Amino acid sequence: MRQTQWANGLRITAYVLPRQHSIHLRFTKDKLQMFPYQLDRIWNKLTYSGLGVAPITVNTPEELISAIRKTPGAIGYVENTKDMEAVNVVQIEK
Amino acid sequence: MLCKLKSKTIENLLYVLSALLSFVVVNIEAAEQDLHYHGFIAQGVIDVNGSNFVNDNGEVSSKLTELGINGSYQLSANLRLAGQIVYLNGGNRFAEGLRVDYALLDWSVYKNSNWQANLFLGRFKNNHWLYSSSRDIPFARPSIILPQSVYFDGFRDIAVGADGAAIKISRSDDYYGNFDFNFSYGTSPISDKQADIILSTDAKGDVKQDSDIQISLYWQPTFSSWRFGVSYLDTVFKYQENSLGDRFFDADFSFQFYTVNALYEGESWEFSGEVFQEVFSTEGFYVPTFNSEPTGQGMYVQSRYKINRELTLLARYERFYSDKNDKDGKKLEQETNGTVPAYFAYQKDTTIGLSYDFSSNFRLRFEYHWLQGTGRLTPVVLPNPEVNNSKNWQLWAMQLMYWF
């Protein structure tokens, strides 16, 4: 969660969906084992207090994939893995 | 001389940072992952009955405006520039106007898979208390009016941050959990309006902050919903009387503030609280031989309950005593020959509220406060019992906020 760069030194750019988006709510709770409002608190502090940079919010899953494709070192989450050319998909098992 | 030079250097640094920031904000062609900009806008109405917390006439006020715009630009792998400009209007609560909230250079000094150390130079926010860094961010704080015991609006401009240097060291692993250590050293410029708020308009001299040192440590055990923190603040002020005529005299003020806090974040329930003790020492000011060093105390406990993804309820109780040996204020009233009523020695607040999210970044908030005592009203040093002639007072506020 607190990692800011990959092993090769490339900066990690995280993309997320809006905080009320159902995929974001599910990913936060099921995979990160956190409640969405906890992420809001941490990210708001980074963004509006000058302490750091929070993930970039995009509006739709399609925008999220397109942003990851264009950005070296970027990560994000999707629900289904159709049309995933030029990105690496890591399946997270329950 | 050294002090003057230091404050000039910091002022120049702020100008350079502001100029650089405005450059990066307009340079929208820059790569998206290097440049980030965000902002917020909030407007509300507030009605206070029985005190001059917001205005002197007691009417419903729209002086509940908060606007902000910020930018962050990654200069290199380890260097980042960040700044935020805010406009605030809270009536009597703090000075109205535009201000540079923060403007800093963030140097990522060291990082590996467990450790991260950052050095911040310039104007930085106070990151030591539970809500100190987000006190001006309407949607990032728990209520419209924060617990005045800790987040006293009269001290806002001094407590909100400082010009100087700050260090943040974080360590996290799966065995001990997450640790965050913060240290900061700096000073805050004190505007004439801020001086009026603390000392009253009768103080015609100059007040300056000599130094402000703060330390805090936070710990979140592994996979725990709890987070615990402690903090310490030590600051010194000097008042220089106006040689052309002043009701007050040269003075040295010092202030030490210790806090302990806890935060629990469950799925529906959230609990938080802070307890503090402060020592406020005054030498001079009223008369050259005056000397006092009261120990103040305060605390609040707060709970939020998330009914569903849109609606959150709030309940909070807080207490503040300006002198732990005079909690009912009888000594204060006696020593001032009855001119300052006993209820100026404390302030208690019971709050309920709710917030409703229309979308991911659009929220409406409402809250009601029942207060007893006027110990957290301004001016601090010279209370105003003529306007604040009631021990019990109430306020309600409603605020609409949007952020991006």
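See the structure shown above.
These numbers were taken from a predicted model, which means no experiment stands behind them.

Engineer: Looking at this structure, how should I read the overall build of chain A?
Structural biologist: When helices and strands are tallied, chain A shows three helices and three strands. Each helix and strand of chain A, placed in order from N terminus to C terminus, yields the pattern β-α-α-β-α-β. Principal-axis analysis of the C-alpha atoms gives chain A an extent of 35 × 30 × 25 Å. Split into buried and exposed, the 94 residues of chain A put 22% on the buried side. A sequence separation of at least 24 residues applies to 45% of the contacts in chain A between residues at least 6 apart.

Engineer: I keep staring at the overall build of chain B and nothing clicks. Help me out?
Structural biologist: Per the secondary structure count, chain B includes four helices and 17 strands. Across the 404 residues in chain B, those meeting the buried criterion constitute 40%.

Engineer: Before we go on, may I ask you to explain unusual backbone geometry in this structure?
Structural biologist: Note: most peptide bonds trans; most residues except glycine with negative phi. That bond from B:T378 to B:P379 is cis: its omega, -5 degrees, falls within 30 degrees of zero. Despite not being glycine, A:Q33 has its phi angle at roughly 60 degrees, a positive value. Within the element layout of this structure, A:Q33 appears in the loop between α1 (22-31) and α2 (36-49).

Engineer: I keep staring at the nonpolar core and nothing clicks. Help me out?
Structural biologist: The nonpolar side chains of a soluble globular protein tend to be buried with one another. Residues and elements named next belong to chain B. I46, V48, Y239 and A397 are the most contacted members of the largest nonpolar core, which has 44 residues in total. In terms of residues, this core owes the most to one element, strand β10 (residues 251-265), which gives five residues. With ten residues, the next largest nonpolar core counts L81, A82, Y102 and F124 among its residues.

Engineer: Where do I start with the sheet that holds strand β3 (residues 74-75) of chain A in this structure?
Structural biologist: In a beta sheet, neighbouring strands pair by backbone hydrogen bonds and run either parallel or antiparallel. All names here are of chain A. Strands sit in the order β2-β1-β3 across an open sheet of three strands; the sheet is parallel. A single partner strand is all that each edge strand has here, and the edge strands are β2 (56-57) and β3. In this structure, strand β1 (residues 13-16) lies alongside β3, joined through two bridges in parallel fashion. Opposite A14, over in β3, you have I75 as the bridge partner.

Engineer: In this structure, what is going on with the pairing of strand β1 (residues 35-49) of chain B? I would like to understand it.
Structural biologist: In the case of a regular strand, side chains alternate between the two sheet surfaces. All names here are of chain B. For β1 and strand β2 (residues 65-74), the ladder comprises nine bridges, and the chain directions are antiparallel. Each bridged residue has a counterpart across the sheet, and for Y37 the counterpart in β2 is G71. Here β1 pairs with strand β17 (residues 392-403) via ten bridges, running antiparallel. What sits directly across from V48, in β17, is L395.

Engineer: I'm lost on helix α3 (residues 61-70) of chain A in this one. Help?
Structural biologist: In an α-helix, one turn spans 3.6 residues, which is why side chains three or four residues apart end up on the same side. Residue and element names in this part refer to chain A. All buried positions along α3 are accounted for by L64, I65 and I68. When α3 is viewed along its axis, its buried side chains cluster within an angular range of 95 degrees and face the same direction. Exposed residues pointing more than 90 degrees away from the buried face of α3 are listed as E62, R69 and K70.

Engineer: Would you explain the pairing of strand β13 (residues 295-306) of chain B in this entry?
Structural biologist: All names here are of chain B. Two elements, strand β11 (residues 269-284) and β13, share eleven bridges in a ladder whose sense is antiparallel. Bridge pairing in β13 links E278 to G296. One ladder, built from ten bridges, connects β13 with strand β14 (residues 311-321); its direction is antiparallel. Among the inter-strand pairings, S303 is bridged to a residue of β14, identified as A315.

How each quantity is defined
- Residues numbered from 1 in each chain as written.
- Chains lettered and ligands numbered in written order.
- Predicted model: local features only at pLDDT ≥ 70, side-chain atom pairs only at ≥ 80, totals over all residues.
- Helix = DSSP H or I, 4+ residues; strand = E, 2+ residues; numbered from the N terminus.
- Buried ≥ 20, exposed ≤ 12 C-beta atoms within 10 Å, placed from the backbone.
- Contact = placed C-beta atoms within 7 Å.
- Core = buried A, V, L, I, M, F, W, Y, C linked by C-beta atoms within 7 Å.
- Pairing = 2+ DSSP bridges.
- Arc of directions from axis to C-beta.

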